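# Architecture and fold: a report
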Amino acid sequence: MGTHDILLKVKNGDISIDEAEQYLRRQPFEEMGYAKLDTHRKIRSGFPEVIFCSGKTDDHLLNIFGKLYEIDGEVLGTRATINQYELIKERYKEAKYDKVSRIIKIEKEGKKKVGKVVVCTAGTADIPVAEEAAQTAEYFGSYVERIYDVGVSGIHRLLSKLDVIQSANCIIAVAGMEGAIASVIGGLVDKPVIAVPTSVGYGASMNGLAALLTMINSCANGIAVVNIDNGYGAGYMATQINRLGVKQ
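Thresholds applied
- Residues numbered from 1 in each chain as written.
- Predicted model: local features only at pLDDT ≥ 70, side-chain atom pairs only at ≥ 80, totals over all residues.
- Heavy atoms only, no water.
- Phe/Tyr/Trp six-rings, centres within 6.5 Å; stacked < 30°, edge-to-face > 60°.
- Buried < 20%, exposed > 50% of the residue type's maximum accessible area, 1.4 Å probe, protein only.
- Pairing = 2+ DSSP bridges.
- Helix = DSSP H or I, 4+ residues; strand = E, 2+ residues; numbered from the N terminus.
- Axes fitted to C-alpha atoms, helices over the stretch in contact; angles between N-to-C directions.
- Contact = heavy atoms within 4.5 Å.

- Naming follows an unreviewed UniProt entry, where the chain appears as PurE domain-containing protein of Clostridium celatum DSM 1785.

## Looking at the packing of aromatic side chains
- Within the structure shown, the criterion is met by eight aromatic pairs.
- Judged by centre distance (5.4 Å) and plane angle (70°), the rings of Y139 and F140 are edge-to-face.
- According to the relative accessible area criterion, Y139 is buried, its value standing at 2%.
- Members of the aromatic cluster, joined through ring pairs, are F47, Y139, F140, Y232 and Y236.

## Quick notes on the sheet that holds strand 8 (residues 142–147)
- Spatially, 8-7-9-10-11 is the arrangement adopted by the five strands of the open sheet, whose pairing is parallel. Each end of this open sheet is capped by a strand with a single partner; those strands are strand 8 and strand 11 (223–225). Recorded for the sheet is a direction-independent mean angle of 25° between the axes of neighbouring strands.
- Two elements, strand 7 (residues 114–121) and strand 8, share five bridges in a ladder whose sense is parallel. Pairing of C120 across the sheet is with I147, part of strand 8.
- Taken strand by strand, helix 10 (residues 209–216) contacts strand 9 (170–175), strand 10 (193–197) and strand 11, and its axis lies near 160° from that of strand 10.
- Against the sheet, helix 11 (residues 231–247) engages strand 7, strand 8, strand 9 and strand 10, with an angle of about 145° to strand 7.

Take a look at the structure:
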């Protein structure tokens, strides 16, 4: 429960001042021995801690997932396998899993989506990374529109959606191969572009390094670049930018 939620509960008489004080006095992390959950992250940054599921043991994942759900009433996990989802689902029937993005989550119903983030991909092979970005942004409260398979080999496809792209507070451009779509979009919009290189491509793409270097060396202004295949990082940053756009 965040500071704002605590204060609202005090105002509405749901909890006493003493109870609110106890919440605020809790140490800023939950000690679990093998993990220290950052329970005050949402208070500091506006975003709760998220689970990177890959590499975690079953017991650790299950307990971390449960504790974060207990604290905040919802939880997001990235890079989860179907086996990890089935493990979580046994205990938490409300958990949902997306095989494309590999996101597992329990989300509060009726969450309002604000502003606009547009997620574009160069090709369909980039969609798993794009979906990680899009669903992360949606989880954190952004309204997201998807425009997929609009790479530079058929640039008319991108230009046909230019009005939608230009209306966004932030654009996420996801591409493997040579990664040129980020530069093209950057030259057409007046909003920040977050470029996401993917590991899609043939041998000389070097598992996304070629796209990463293209995006870093872009001649277009207003482009920021995240790590290869880092859809989560792009979705998080896009939401930060989108929130600023909504406040204006």
